[in-house]
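Each chain, written out:
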Amino acid sequence: LRSARAMKPGNSTLYTLQVAMWSDFGSGEVSPEEIRRSAEGYCARLRSQGHAAFYYHDEDRRMSIVTVGVFGPEAYDARTTLFAPEVDALMAKFPAMLVAGEELLVRTDPRDPNSKMLPQKPMLVEVPR
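Residues numbered from 1 in each chain as written. Predicted model: local features only at pLDDT ≥ 70, side-chain atom pairs only at ≥ 80, totals over all residues. Heavy atoms only, no water.

Enquirer: Please set out the overall build of the protein chain residue by residue, giving values where relevant.
Expert: Scanning the protein chain for helices and strands turns up 2 helices and 10 strands. The linear arrangement of helices and strands in the protein chain, starting from the amino end, is β-α-β-β-β-β-α-β-β-β-β-β. A compact globule built from 129 residues would reach a C-alpha radius of gyration of about 14 Å, and the protein chain, at 16 Å, matches this within 12%. Sorting the 129 residues of the protein chain into buried and exposed places 37% on the buried side. For the protein chain, contacts bridging at least 24 residues in sequence account for 62% of all contacts bridging at least 6. Summed over all atoms, the accessible surface of the protein chain reaches about 7800 Å², with 52% contributed by carbon and sulfur. Of the charged side chains in the protein chain, 16 are positive and 17 negative, and the gap between their average positions amounts to 4 Å. (Helix = DSSP H or I, 4+ residues; strand = E, 2+ residues; numbered from the N terminus. Rg over C-alpha atoms; globule rule 2.2 N^0.38 Å. Buried < 20%, exposed > 50% of the residue type's maximum accessible area, 1.4 Å probe, protein only. Contact = heavy atoms within 4.5 Å. Areas by Shrake-Rupley, 256 points an atom, 1.4 Å probe, with all protein chains shown as cover. Lys, Arg positive; Asp, Glu negative; His and termini not counted. Charge placed at Lys NZ, Arg CZ, Asp CG, Glu CD.)

See below:
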């Protein structure tokens, strides 16, 4: 993911859309190598489909993420809470966050265990320096 900065040189703040993650979530049941391989494999598939895709391995947290796209500071307007049209278009192509290759479902009302489950949307994250 650090190589994404080369796509928009001169921008101090860059964003990308996190679309997937792999982790053992503290269980110790999945090796760090398997976590890395899974993320890199998904990233390779996205690249083969023409997407600007990146992966990032957080060794301390035993987690790997996959992101798509690179956006400058105009990606999100905190005042209006709106995303740039390019971000919206990418979110339409990736409507659900994947965790270990599966859609992450969240409750519409976290306080109500009977509330409807919907896919969590991908999230805009800052590209690390």
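Enquirer: Which residues make up the nonpolar core, and what values go with them?
Expert: If you look at the biggest cluster of nonpolar residues, it comprises 21 residues, and the most contacted ones within it are Val19, Tyr42, Leu46, Val66 and Val68. For this core, the elements supplying multiple residues, two or more each, are strand E1 (15–23), helix H1 (32–48), strand E3 (63–71) and helix H2 (85–93). Non-local contacts of Val66, meaning those with residues more than four positions away in its chain, are made with Leu17, Gln18, Val19, Ala20, Trp22, Ala39, Tyr42, Cys43, Leu46, Phe54 and Tyr55. By size, the runner-up hydrophobic cluster in this structure holds 6 residues, among which are Ala4, Leu14, Phe54 and Val70. (Core = buried A, V, L, I, M, F, W, Y, C linked by side-chain atoms within 4.5 Å.)

Enquirer: So what's going on with H1? Residues and values would help.
Expert: Because the α-helix completes a turn every 3.6 residues, residues three or four places apart line up on one side. Compared with an ideal rise of 1.5 Å per residue, which puts 17 residues at 24 Å, H1 spans 24 Å between its outermost C-alpha atoms and is within 8% of the ideal. By the burial criterion, the buried members of H1 are Ile35, Ala39, Tyr42, Cys43 and Leu46. Down the axis of H1, the buried set is contained in an arc of 100°. They therefore lie on one face. Exposed and facing more than 90 degrees away from the buried side of H1 are Arg37 and Ser48. Those residues of H1 that are buried lie in contact with E1, strand E2 (53–58), E3 and strand E6 (98–99). Where H1 terminates, the next one or two residues include Gly50, which has phi positive at roughly 95°. (Expected span 1.5 Å × (residues − 1). Arc of directions from axis to C-beta.)

Enquirer: Tell me about the environment of Phe54, residues and numbers included.
Expert: Of note, Phe54 is situated in strand E2. Separated by 12 residues in the primary sequence, Phe54 and Val66 place their C-alpha atoms 5.6 Å from one another. Once you skip the residues sitting within four places of it in the chain, Phe54 turns out to touch Leu1, Ser3, Ala4, Met7, Thr16, Cys43, Arg47, Ile65, Val66, Thr67, Gly69 and Val70.

Enquirer: Tell me what's going on with the packing of aromatic side chains, and back it up with residues and numbers.
Expert: Considering all chains together, one arrives at 2 aromatic pairs under this definition. On the basis of an interplanar angle of 50° and a centroid distance of 5.3 Å, the ring pair of Tyr76 and Phe83 is categorised as tilted. For Tyr76, a relative accessible area of 35% translates into the label partly exposed. (Phe/Tyr/Trp six-rings, centres within 6.5 Å; stacked < 30°, edge-to-face > 60°.)

Enquirer: I'd like a description of the pairing of E2, backed by residues and values.
Expert: Pairing geometry for E2 and E3, over 6 bridges, is antiparallel. Its bridge partner lying in E3, Tyr56 is registered against Ile65. Once E2 ends, the chain turns through 4 residues before running back antiparallel as E3, passing Arg62 with a positive phi of about 50°. (Pairing = 2+ DSSP bridges.)

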